[in-house]
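Listed below are the residues making up each chain.
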Amino acid sequence: MNTKKNPLQNKFIVCLLAVLCCLLWGSAFPSIKTGYKMFEIGAQDSVSQILFAGIRFSLAGVLAIIFGSMLQKKILFPKKTSWKMIGILSVFQTILQYIFFYIGLAHSSGVKSSIINGMSTFFAILLACLVRKQERLSLVKIIGCVLGTAGVIIVSLSGGSIGAGFALTGEGFILIASVSYAISSVMIKEFSAKENPVTLSGYQFVIGGLVMVAVGLLAGGKIYMTTPWGILLIIYMALISSVAYSLWGILLKYNPVSSVTIYGFSNPIFGALLSAFFLAEWDKLSVWYVVALALVSLGIYVVNRE
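All of these numbers come straight from a predicted model, not from anything done at the bench.

With respect to the pattern of salt bridges
Turning to step 1, where the next piece is worked out: Counted according to the given criterion, the structure contains two salt bridges.
Turning to step 2, where the next piece is worked out: Residue glutamate 190 is joined to arginine 132 by a salt bridge in which the shortest nitrogen-to-oxygen separation is 2.8 Å. With glutamate 190 in helix H7 (residues 168-191) and arginine 132 in the loop between helix H5 (120-131) and helix H6 (139-157), this pair connects stretches of sequence that are 58 residues apart.
Turning to step 3, where the next piece is worked out: For lysine 141, the salt bridge goes to glutamate 135, with nearest N and O atoms at 2.7 Å. Here the two residues lysine 141 and glutamate 135 agree in accessibility, since each one is buried.

Structure, rendered in structure tokens:
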């Protein structure tokens, strides 16, 4: 009997690829801020932000399909039975998550948004264990999530006070976006057993992105090209999504949801560090980021230890 383990189940390889995904997603923070300046999109202009995101994700889907087709030496096209799965993923992973996130962000403080959004990793593990029964919820996983959540809270609070109040269109929408992401993570774990995860990611991005473009345009969203560098930025942001989500989907196919999504707690830390580097926001960093990184790393270790 062949007991050879798939390389994508090797914890070291999983760690490298998951950290790469989170590093790419972290680079989206300064990229989005830079993009808003390049395309003259105001901080409160949610519909233009949705239009901008829709263009990014549509292109991300096209790139994922092209790269996946080149790697497999055949054109990636979903099976007839896969379109329903793609539709479900496009709703939860792209449309609901990002529309609610952008609108919620415009009506909530960045601190509270970061904390609530960071909880999506915790929600994904709970859904995988308690709802879909994909794995067992253990004390070790709970401890890992608590450590990761503590790290996210520390990173978020280092930028200011948490403030008071809870608004449906603010914190409520951010919460819906977080749960939507968690649902998509659990669903892609199941769907990837029936369809290529790169195919799923590529086509769901195309569909979800086009829906967001339509919503943005119909709601009056506008973007203005102020510099040719904006084209390169959109291409890079599309690559972030196409590469990171495709890799993430492949990792989820071969590993428990908890052992992969736990790395998601590092997204805000990478975002803060890369923002400091690329946007010259060094004054916003403090020793608390080291503490947060240590807590998140400990949480990842606890969940993934043998």
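Quick word on unusual backbone geometry
Turning to step 1, where the next piece is worked out: With a phi close to 55 degrees, glutamate 40 is a non-glycine residue in the positive phi region.
Turning to step 2, where the next piece is worked out: By the element assignment, glutamate 40 lies in the loop between helix H1 (11-38) and helix H2 (46-72).
Turning to step 3, where the next piece is worked out: Note on glutamate 40: relative accessible area 52%, which makes it exposed.
Turning to step 4, where the next piece is worked out: A positive phi angle is found at lysine 133, which is not glycine, with a value near 55 degrees.

Some remarks on the packing of H1 against helix H11 (residues 267-278)
Two quantities define a packed helix pair, namely the angle between the axes and the distance from one axis to the other.
Turning to step 1, where the next piece is worked out: Relative to each other, H1 and H11 sit at 50 degrees, their axes nearing to 7 Å. Taken together, the axis directions place H1 and H11 in an arrangement best described as oblique. With respect to the hand of their crossing, H1 and H11 are arranged in right-handed fashion. Here H1 contributes Val19, Cys22, Leu23, Trp25, Gly26, Ser27, Phe29 and Pro30 to the contact with H11, which in turn contributes Asn267, Phe270, Gly271, Leu274, Ser275 and Phe278.
Turning to step 2, where the next piece is worked out: Its residues placed into classes, the contact of H1 with H11 shows nine nonpolar, five polar and no charged.

As for the nonpolar core
Turning to step 1, where the next piece is worked out: In terms of nonpolar packing, the biggest core is built from 73 residues, with Tyr102 and Trp248 touching the most fellow members.
Turning to step 2, where the next piece is worked out: Per element, the largest residue contribution to this core is eleven residues, and it comes from helix H9 (residues 229-254).

A look at the side chain of serine 46
Turning to step 1, where the next piece is worked out: Within the secondary structure, serine 46 sits in helix H2.
Turning to step 2, where the next piece is worked out: Judged by its relative accessible area of 11%, serine 46 is buried.
Turning to step 3, where the next piece is worked out: With residues near it in sequence (within four places) discarded, serine 46 still touches Tyr102, Ile103 and Ala106.

Definitions and cut-offs
- Residues numbered from 1 in each chain as written.
- Predicted model: local features only at pLDDT ≥ 70, side-chain atom pairs only at ≥ 80, totals over all residues.
- Heavy atoms only, no water.
- Salt bridge = Lys/Arg side-chain N within 4 Å of Asp/Glu carboxyl O.
- Helix = DSSP H or I, 4+ residues; strand = E, 2+ residues; numbered from the N terminus.
- Buried < 20%, exposed > 50% of the residue type's maximum accessible area, 1.4 Å probe, protein only.
- Axes fitted to C-alpha atoms, helices over the stretch in contact; angles between N-to-C directions.
- Parallel < 35°, antiparallel > 145°, perpendicular 65-115°, else oblique.
- Left-handed = near helix turned anticlockwise from the far one by under 90°.
- Contact = heavy atoms within 4.5 Å.
- Nonpolar A, V, L, I, M, F, W, Y, C, P; charged D, E, K, R; others polar.
- Core = buried A, V, L, I, M, F, W, Y, C linked by side-chain atoms within 4.5 Å.

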